[in-house]
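# Residue-level structure breakdown
What follows is the residue order along each chain.
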Amino acid sequence: MADPPRRAAVDEAGRYAVLHPAIAEAAHRAGATAIGLIDVGRPAALNLCVDRVGITYSDGVFLGDPDSPVQESCSIVHGGTVPDRTMPPVVARVAVTRRRPDVEDALLAEDPPVRFCGDVVELLPEGIAAVPEGALPVVTTTWALSRLAIPRRPSFVDSLREAAAGRTVAWVSAEGVGAAPSVPTLGDRPASGHSIVGVAVYRGSEQHVDAVGRCWSRGRMLDWFP
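Notes on the structure follow. (Residues numbered from 1 in each chain as written. Predicted model: local features only at pLDDT ≥ 70, side-chain atom pairs only at ≥ 80, totals over all residues. Heavy atoms only, no water.)

What follows deals with the nonpolar core. As a rule of thumb, soluble globular proteins bury nonpolar side chains together. Counting residues in hydrophobic clusters, the biggest one holds 43 residues, and the most contacted among them are Ile23, Ile35, Leu37, Tyr57, Val138 and Leu222. If you tally residues by element for this core, the top one is helix α1 (residues 13–30), at eight residues. Isoleucine 35 has contacts with Ile23, Ala27, Met87, Pro88, Pro89, Val90, Val91, Ala92, Ala135, Leu136 and Val138, leaving out every residue within four places of it along the chain. Counting residues in each nonpolar core, the second largest holds 32 residues, with Ala34, Val183, Ala200 and Ala211 among its members. (Core = buried A, V, L, I, M, F, W, Y, C linked by side-chain atoms within 4.5 Å. Buried < 20%, exposed > 50% of the residue type's maximum accessible area, 1.4 Å probe, protein only. Helix = DSSP H or I, 4+ residues; strand = E, 2+ residues; numbered from the N terminus. Contact = heavy atoms within 4.5 Å.)

Right, here's the structure in full:
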């Protein structure tokens, strides 16, 4: 008998459902044919596994790997639908964290990411530079910026803009209302019980930052905007 699909840790499960369509959207906006993922702020860096799991949405859309041992589900609310868009191949995986994990997760153990450990704002440019030329660096933050002191959060965005002086850079975020500088809050109030999903693309001095959805219960429920 085949082993049953493995479920990710409870705290991680919904992140994949939010990140997959948002990363695919960022790549689409940038015209990318390959991407490098840079996960910021989480020692386990399980966001780097987003293309290695399967996600079934309640609107009937399936994204990711149907053969993955990790299969997750997400409820779509408020009548929206998730774009059925393919994520480009991931050619680099980079973790920018304060510390290393005690052990690598099974989905990362055979192909561990490049790691930069220390001050995540200061190390972000190095993490972006670790993505090969020709691939779009996609920085991901999921409920990580709230761990930064409020005065330091704009410095995180400044680092993204500085890195974009030489190449196009994308940022995908799932953060509490108001925690991600420059991501529209849609008039929502902080500490309102949900988070906003943001997609930003930086090209030189140009920047395009949008809120593409709201999510609840750490991504287990998603309202994707048309």
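Quick look at the sheet that holds strand β3 (residues 62–64) now. Spatial strand order, β3-β2-β4-β11-β10-β9-β8-β7-β1-β5-β6: 11 strands in an open sheet with mixed pairing. At either end of the open sheet lies a strand with only one pairing partner, and these are β3 and β6 (114–117). Taking the axes of each pair of neighbouring strands and ignoring which way they run, one obtains an average angle of 25° across the sheet. Relative to β6, strand β5 (residues 90–97) is paired through four bridges, and the arrangement is parallel. Within β6, the residue paired with alanine 95 across the bridge is arginine 115. Packing of helix α3 (residues 120–129) onto the sheet brings it into contact with β1 (35–40), β5, β6, β7 (136–142) and β8 (169–176), and relative to β5 it is tilted by some 165°. Helix α4 (residues 153–163) contacts β1, β7, β8, β9 (195–203) and β10 (206–216) of the sheet and is inclined by roughly 165° relative to β8. (Pairing = 2+ DSSP bridges. Axes fitted to C-alpha atoms, helices over the stretch in contact; angles between N-to-C directions.)

All right, on to the pairing of β7 then. Judged by how many residues are buried, β7 sits mostly within the fold: seven of seven residues are covered. With burial as the criterion, each face of β7 is covered, one bearing Leu136, Val138, Thr140 and Thr142 and the other bearing Pro137, Val139 and Thr141. In this sheet, β7 lies alongside β1 in parallel orientation, the contact comprising five bridges. Within β7, the position partnered with aspartate 39 by the bridge is threonine 140. Across five bridges, β7 lies against β8 in parallel orientation. Looking at β8, one finds that valine 139 is bridged to tryptophan 171.

So far we have only geometry, and geometry alone does not tell us how the molecule works.
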